[in-house]
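# Observations on chain architecture
Listed below, chain by chain, are the residues.
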Amino acid sequence: MDANRLQLNPSNGPLYAGIPTIVTYNGSNFANLVPLKYKYPLLFASIRVHSRLIIQNEGALFLEWQNRHQTKLLPRPLLSAIPLPPPMNEQIASIQSQALELIATATDERSLDDARVASIGKKGTLSLAGALIKDIPNEEKAAFGQSLNAARTAITSAIDEKQAALQEVADKAALSGIDLTLPARALPTGGLHPLTLIRDEAIQILRRMGFALAEGPEIEDEYHCFDALNTPADHPARNEKDTFYFNSGKLLRTHTSSVQIRTMETAAPPIRIIAPGSAYRRDEIDATHLSVFNQLEGLFVDTDVTLPDLKGTLEYFFHEMFGTSTEVRFRPHFFPFTEPSFEIDVKLQIKGQPPRWIEVAGCGMVDPAVFESINATRKDNALDPTKITGFAFGMGLDRLAMIRWGIRDIRLLIENDTRFLSQFA
Amino acid sequence: MNISLNWLSTHLDLSGKSIDEISDLFTFAGVEVEGIVTKGIASEKIVVGQIMEAVQHPDADKLKVTQVDAGEGQLRQIVCGAKNYKVGDKVPCCLPGADLGGFVIGETKMRGVESKGMLAAAEEIGLPKGEDGLLILPEDSPVGVPVKTLFDSDTLLELEVTPNRPDLLSHAGMGRELATLLKTPLLTEKSPETATAAASADFIKLESAEACPFYTATRIDNVTVTESPDWLKERLTSIGLRPINNVVDITNYVLHETGQPLHAFDASKVSGALVIRHATDGEKFIALDESEHTLTPEDLLISDKSGAALALAGVMGGLDSGVTESTTSILLESAYFSPSGIRRTSRRTFLSSDSSYRFERGADPQAVLPAAALAIKLMESRLPDGSIQTAGKLPEPPSPVTLDLDRLHHLLGDSISTEAAEEILTRLGLNKLAEGKWAIPSFRQDLTRHIDLAEEITRVHGLDNVPSRLRATLVPTSDTDAAYDADMILRRRLAALGLYECQTIKLIAENQMTDILPLRPLQDGDIIRVKSPLSEDHAIMRPSIVPGLVASAERNARQQAKSLRLFEMGRVFRNAGGGKAKDQESDNLAILVSGNVTPSSWAAKDRPADLYDAKAILSALLPGHAISLKPKDRENVSLAADIKAGDQTIGAFARLSLKRERDLDFTHPVFIAELDLGKLRKLILGKFQVEPLPQFPGSTRDAAMELGIDTPNADIEAALGKANEALLVSYECFDLFTDPSGEKIPADRKSIAYRFNYRDSSRTLKQQDVDAAHKKVLEALGKVSGLTFR
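Reading guide: rules and limits
Residue positions within a chain follow its written sequence, with the count starting from 1. Chains and ligands are labelled by the order in which they are written, letters from A for the one and numbers from 1 for the other. The predicted origin of the model limits local features to residues at a pLDDT of at least 70 and limits the giving and counting of side-chain atom pairs to 80 or more, whereas totals for whole chains, interfaces and linings rest on all residues. Values reported for side chains reflect all heavy atoms of the structure, with hydrogen atoms and water molecules removed beforehand. Helix and strand definitions follow DSSP, with helices as H or I runs of at least four residues and strands as E runs of at least two, each counted in order from the N terminus. Residue burial is assigned from relative accessible area. The probe radius is 1.4 Å, only protein chains are included, and a residue is buried under 20% of its type maximum, exposed over 50%, and partly exposed in between. In this analysis, two residues are considered to be in contact whenever any of their non-hydrogen atoms come within 4.5 Å of each other. His is not counted, nor are the chain ends; Lys and Arg add positive charge and Asp and Glu add negative charge. By convention, charge coordinates are those of NZ in Lys, CZ in Arg, CG in Asp, or CD in Glu. Any helix carries an expected span of 1.5 Å times its number of residues minus one. Picture the helix axis, draw a direction to every C-beta atom, and the arc is the one those directions span. Put simply, a disulfide is two cysteine sulfurs that come within 2.5 Å. Once two parts are brought into contact, the accessible area they lose, counted with a 1.4 Å probe and summed over both, makes up the buried area. Between Lys or Arg on one side and Asp or Glu on the other, a salt bridge is scored when a side-chain nitrogen of the former is within 4 Å of a carboxyl oxygen of the latter. In the analysis that follows, any N or O atom pair within 3.5 Å is treated as a polar contact, provided that within protein one partner can donate a hydrogen and the other can accept it, and provided that, for residues neighboring in sequence, both atoms belong to side chains. Only Asp, Glu, Lys and Arg are considered charged in this grouping, and only Ala, Val, Leu, Ile, Met, Phe, Trp, Tyr, Cys and Pro are considered nonpolar; every other residue, Gly among them, is considered polar. Residue ranges for the domains trace back to a domain assignment, done automatically or taken from a database. Aromatic contacts are taken between Phe, Tyr and Trp rings whose centres are within 6.5 Å, Trp giving its six-membered ring; a plane angle under 30 degrees counts as stacked, one over 60 as edge-to-face, and the others as tilted. Scored from 0 to 100, pLDDT records how confident the predictor is in each individual residue. For every element, the axis is a line fit to its C-alpha atoms; helices are fit only across the contacting stretch, and the angle between N-to-C directions ranges from 0 to 180 degrees. Note on terminology: angles under 35 degrees are roughly parallel, angles over 145 are roughly antiparallel, angles of 65 to 115 are roughly perpendicular, and the others are oblique. Handedness of a crossing is defined here by the sense of rotation of the near helix relative to the far one, left-handed for an anticlockwise turn of less than a right angle and right-handed for a clockwise turn.

## Notes on the overall build of chain B
Along its length, chain B carries 18 helices and 40 strands. Taken along the three principal axes of its C-alpha coordinates, chain B extends 125 × 85 × 60 Å. For chain B, the residues scored as buried account for 50% of the 790 residues in total. Counting contacts in chain B only where the partners sit at least 6 residues apart, residues at least 24 apart contribute 69% of the total. Both charge centroids of chain B, one from 89 positive and one from 113 negative side chains, sit 8 Å from each other.

## Remarks on unusual backbone geometry
Along the chain, A:P269 connects to A:P270 via a cis peptide bond; the corresponding omega equals 0°. Inspection of the secondary structure assignment puts A:P270 in the loop between α7 (258-266) and β11 (271-280). In this model, A:E339 is joined to A:P340 through a cis peptide bond whose omega is -5°. Summarising the element assignment, A:P340 is placed in strand β14 (residues 338-348). Despite not being glycine, A:K379 has its phi angle at roughly 60°, a positive value. Unlike most non-glycine residues, B:N724 shows phi in positive territory, near 50°. By the element assignment, B:N724 lies in the loop between α17 (713-723) and β38 (728-738). B:N724 sits in the exposed class, given a relative accessible area of 62%.

## Re the side chain of A:S257
Counting through the fold element by element, A:S257 comes out in the loop between β10 (251-252) and α7. Residues within four places of A:S257 in sequence aside, it is in contact with A:L229, A:E297 and A:F337.

## Some remarks on helix α12 (residues 479-496) of chain B
With 18 residues, α12(B) should reach 26 Å at 1.5 Å per residue; the first-to-last C-alpha distance of 26 Å fits that figure. Taken together, the buried positions of α12(B) are occupied by B:T480, B:D481, B:A483, B:Y484, B:A486, B:D487, B:M488, B:L490, B:R491, B:L494 and B:A495.

## Some remarks on α17(B)
Residue and element names in this part refer to chain B. For α17, every residue scored as buried is listed here: I716, A719, L720 and A723. The buried residues of α17 all sit within an arc of 100° when viewed along its axis, so they share a single face. Tucked into the core, α17 has its buried residues touching β37 (699-708), β38, β39 (749-758) and α18 (767-782). Phi for N724, located one or two positions after α17, is positive at around 50°.

## Quick look at the state of the cysteines
All names here are of chain A. Under the criterion given, the structure shown has zero disulfides over all chains. Looking at C225, it has no disulfide partner, and the nearest cysteine sulfur is the one in C363, 20 Å off. A relative accessible area of 0% means that C225 is categorised as buried.

## What about the interface of chain B and chain A?
Facing the 84 residues of chain B at the interface are 97 residues of chain A. Summed over both partners, the interface of chain B with chain A comes to about 7,900 Å²; 57% of that surface belongs to carbon and sulfur atoms. On the surface where chain B and chain A come into contact, there are 14 salt bridges. Residues A:D367 and B:R449 are paired through a salt bridge, measuring 2.6 Å at the closest nitrogen-oxygen approach. At the boundary of chain B and chain A, one finds 44 residue pairs in polar contact (both at pLDDT 80 or more). Looking at the side of chain B that touches chain A, the element that brings in the most residues is α12(B), giving eight residues. By residue class, the composition of the side of chain B that touches chain A is 36 nonpolar, 23 polar and 25 charged.

## A few points about the domain arrangement of chain A
Along its sequence, chain A is organised into domain 1 (2-79), domain 2 (88-170) and domain 3 (194-424). Measuring from the centre of the C-alpha atoms in domain 2 of chain A to the corresponding centre in domain 3 of chain A gives 88 Å.

## Considerations on the packing of aromatic side chains
Residues and elements named next belong to chain A. Applying the stated criterion across every chain, the model contains 17 aromatic pairs over all chains. A ring pair is formed by F330 and F342, whose centres lie 6.4 Å apart and whose planes are at 90°; its orientation type is edge-to-face. In this pair, F330 is assigned in strand β13 (residues 328-335) and F342 in strand β14, connecting sequence segments twelve residues apart. You'll find F330 and F342 in the same group, each marked buried. Where F420 meets F424, the ring centres are 5.1 Å apart and the plane angle is 70°; that geometry is what we call edge-to-face.

## Structural notes on the domain arrangement of chain B
Frequently, the measure chosen for interface size is the accessible area removed from exposure when the parts meet. The domain architecture assigned to chain B consists of domain 1 (2-40 + 154-190), domain 2 (46-150), domain 3 (197-392), domain 4 (401-460), domain 5 (479-685) and domain 6 (699-789). Of note, the centres of domain 1 of chain B and domain 6 of chain B, computed from C-alpha atoms alone, are 87 Å apart.

## A short note on the confidence of the model for chain B
All names here are of chain B. Chain-level statistics for chain B give a pLDDT mean of 91 and a share of 99% at 70 or above. Taking the mean pLDDT of every element in chain B, the minimum, 79, falls on strand β7 (residues 99-100) and the maximum, 98, on strand β28 (residues 500-501). Predicted complex metrics record ipTM = 0.83 and pTM = 0.80.

## Overview of the packing of helix α5 (residues 194-208) of chain A against helix α8 (residues 307-322) of chain A
All names here are of chain A. Where α5 contacts α8, the axes come no closer than 10 Å and their chain directions differ by 135°. One way to sum up the angle between α5 and α8 is to call them oblique. Of the two possible hands of crossing, α5 and α8 adopt the one that is right-handed. Within the contact between the two elements, α5 uses I198, E201, A202, I205, L206 and R208 and α8 uses Y316, F317, E320 and M321. For the contact of α5 with α8, the residue count by class is seven nonpolar, no polar and three charged.

Right under this line is the structure:
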């Protein structure tokens, strides 16, 4: 017997994971037991690559190994020294209960996964037990299989439940302690200037009516700023007290109306343009005056342009600008370059005041003298004053902005205080 | 111009018209009402009341309970504290609702006794303060009538008359216009004086018939210069004029009554004849306001035989020729001066007067003689016929004007009948002649063309009575439209990047030139200066927008703004070639960044913007374009560079000089950029086609390098460019490290790491392909001076 002794070291008692165990036969090593990963009694062990440990249902242990494709069975008496494991159903029950306990005590994804690997992983205890089925007598295979499946189902569902529970805890933790009432992180804010906003609004309205944009120089000559606009040489506006002149004789345009002339010099009717731009007057800057201000000019010249067109266009414009129920009135006025001429008032209610008429624009039918001087420049009769008529209008954008937003001091529009600008962001 | 409603009422019947109605009349006549000042008692609810009974108040020693007859059929109980009246006196009784300058009388209880109104003292109802207590009215005052009818009250209208309507610059003229609009007759007793005149060659020497077509002078002797009568003083004060003496007051009165300016000389100060002549070049003139003027031959003078300048014709009298208390004889001037001459002289000398105001707009030639006659009459002088001496002749009456009815109806959208239109002209004083022609009255010199008549008809007809027509037209997009759209895209991008749009004045100060960032260098002569700036702060046309932004940033910084992120778009102005190419205008975009990148917050430490934040804005403004800074020396600023998009220079970048930052008290670096908006628009509006998405995966390789701290990153990029490796599709610098202490790497070295992305658009790269490409890239990098791999 001694000569054929299979010995598992340590020889007595169950084997434990982590303790390397050498299987000797007749004193010589013939196999290594794979050290088990987990701290629980060795029930089954596999011998690396070539060998398998087989447990028969009566509890006798055979060791079968393969060596060079040979299978040898050890004689039964040789194995008597090895303590016999408990019966199979008990072993499965034990595997299940240990697995469930591990699952129950798992505290995170990782320990739960370890429990899964240890039980139903490829080399887990239940999987190894399942591998024995082929060595189990046929008549017992069904029962063995059932108990295996039951154990696997119990373990799997325990894992799923535990996983859901762990996720729930993790999700809750992920959202806890977040203070919705803390202020936001900071992003820089920026915005457009109120003049840009009001100008764009005006342009959008006029574009809907089919006006295209036009422009001209701000350093203008007297011809385009005054002469061609039927303004006599000794007109009050034409002096160095009211207008900025240059040594060259040129001047800073006092209105955007010069763009009318620039446009008509090259284009032919129908002409339908708007020209937003700066204009200059030699006014000291105060709460209501700027020496540089912003206007929007409009011009429609064609063969059949009448006062009803002027009235309809500008009523539409101011209804769009200030609301369709806004009253608009046209007061007779005088401009050298239009006849008849009007100033336009809209009736508006400014907070805390009764509604009142507020002047917003000037307009009129293009004076035939303007067409005549342009024809003289063009050296043709493209703007024949007996056939061509037109209307023109001009409005102060600074003023519209002040009315729209209740700005009391026009200087706010050029001081660029970000506390002011941020209100338009 | 000031108009007194009482004075105006001497020309037409305005009774029954409220001040608002009269104000609207003016408004729709084209005369802007700039102010309405009411003098005297305003409220109709202050009436004459007779005190019928007065008994002691049961609970107040100082009060009496009165029963007042206010003409209402029953007595009104009013509690009153005054003592100066007796039962039977008539006093002002303020009925409930009477407005005493903002304080409205109501019914109340005083110490438990009902009081239905108030008995008033003079000052309480807007009259000069009288004796203590109630104002006792004359015994014959009719009970119940408004007290205002017993006292002078008036309304002063401050009117803005457009320059084309000099005929409205008088009470007579304004009366004529209102009578037309109201379709009421003028009061006949105010029709103009008639006068006979005689031509005189000796008394008046008229040397310039062009500047002064018609001149009259009347000698009035035995004049006593004294205080004006009350009615005259009242007229003048009612329109805000200060009475001086009877002679001066009469000339002022006639001017505001008829619109014809007069002038009175002290006859004793005129030697020989009156000479109307042009000034000699450089001739001196001292006006009666004691201002001294150097004249030119364009200016017209009233002079005498001695050559002394007595008056600047039509503008202002001389200091020494005027009427004084010792004057006994006067020469009264009434003349017609040509508007343009007066306008020129007034502009050039900065002298203006009620007289020049009217002459330069065009007085009525036909008013010259009647005005003189009216003044003579007011001076109570009985002068023989022909005492008014004249020189020159009255201008021809205005030529008749044709009204083109077809064009009129077209203009007005067929909203008026021919009869109604003609009636308007007739009412305005025009006379219908044959063939559609209309005779124009002399006071309407502004009516010379069809359109002038059409305007009159339109004005009186009112645009309210013209229909509206809505028309839209299809117009192609203009270049200006496209530019505008591009500008708006850029504006919105910058706003989204956290910048505020600014608008600054385009006239800047000389000392702001230190902050300019012109796109092309400026030479002497390239700066455009205005001739007469309002102040040195606004003396030159900005050649660059940056100075305005720096000033705005400075102002905000003074207000404790911690984050300055500003931009502005607009015109810049310059000459080029040292002033050879004049007045060049272009559109620029300027950006200024300084201070905190974001507002302060608990979540991150405040971080002031650095160069790379500024550069990030430039890059984000033009995504898809490789934005780079190419160092370039510039005056007055630090870190100056050209801004490039690909190979194209699109602007200039810099940090303010550190001295300038200190001088302006900036606590953080100030980065500035000025960009050529014309070029940006092209980049924004350029058409493009999408790149197909890569079909095959790429690979990345990293390289960690070390090189001299002063070696610019551009050297690495240049080397990568030279590597010309087709598989290298992009790269990014993902780490930069320096250690001033020299512990981790030498202090004069920097560690820099790049990631290189390799891809072939037609296949999946094999590892050896990537390795080969990367090797080529590393070899190229190895040629950068001082570069070692880590």
